[in-house]
Amino acid sequence: IFPNNIKREGLRTDEYLIIPSCTSVGVKKRQGKLEVKSQIGTPEKHIHDSISGEINYWSKWSFQPSVSNTSIMEDDLSLSGEWLKIFKVRYLLKFSQLKDGIIEISSEEWPESGCQVELTRIWAENDLQKWTSFGFEAFGGSFQNMKENLTDSIHFFLSERKRPSFLLHLDNSMSYPEWIQNFK
């Protein structure tokens, strides 16, 4: 059912600001934009059959600063920590939330409310170890709607896939800002 709608993106490089001991805010530079994510509330544990993980809720702001403002912002942000280049190859699958349930859609579509499943191969500059990131990112509608959308999408994915062939366990579940702390 899923292989036709899985999109493989090419290699991408993002730069993340390592803010020492901070796992609730993420700052990255991506394709000329500056993105800031702030965690809302505390992570929730999610357990479904033999897999488990943390659900984090984030608010995201995206800016495309002018050239003159970029320099000022980068200087100020660099006072908070060092920038780290992260290389990524992402595989994406998208769902749309309808009144009567979740359906799989093309990764090119952007419904009003949905969820994107991301499997990403990631590695840091000057580090030989490669990591795998797996996550669900709900979008659209109210916060309560997104929570329901996220849970419904996780259950839909697991019911269609039966069980992922990789380990999803609470012990190795973390947000990007948490993972970035490995490189300080």
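Report follows, based on the coordinates.

Each value, and the rule that gives it
- Residues numbered from 1 in each chain as written.
- Predicted model: local features only at pLDDT ≥ 70, side-chain atom pairs only at ≥ 80, totals over all residues.
- Heavy atoms only, no water.
- Salt bridge = Lys/Arg side-chain N within 4 Å of Asp/Glu carboxyl O.
- Helix = DSSP H or I, 4+ residues; strand = E, 2+ residues; numbered from the N terminus.
- Buried < 20%, exposed > 50% of the residue type's maximum accessible area, 1.4 Å probe, protein only.
- Pairing = 2+ DSSP bridges.

Applying the stated criterion across every chain, the model contains 10 salt bridges. Measuring nitrogen to oxygen at the nearest pair gives 2.8 Å for the salt bridge that ties aspartate 14 to arginine 12. Residue glutamate 118 is joined to arginine 90 by a salt bridge in which the shortest nitrogen-to-oxygen separation is 3.3 Å. Placement of the pair is glutamate 118 in strand 8 (residues 114-124) and arginine 90 in strand 6 (residues 82-98), with a sequence separation of 28 residues. In this pair, the class of glutamate 118 matches that of arginine 90, namely buried. Among the charged side chains, a network of salt bridges with common partners joins Arg12, Asp14, Lys28, Arg30, Glu35 and Lys88.

Okay, the pairing of strand 2 (residues 12-18) next. Here strand 2 lies mainly inside the structure; 5 of its 7 residues are buried. Alignment of strand 2 against strand 6, held across 7 bridges, turns out to be antiparallel. Of the residues in strand 6, the one forming a bridge with arginine 12 is lysine 88. Hairpin geometry of strand 2 and strand 3 (residues 25-30) is characterised by an intervening segment of 6 residues between the two adjacent antiparallel strands and by a positive phi of about 60 degrees at serine 21.

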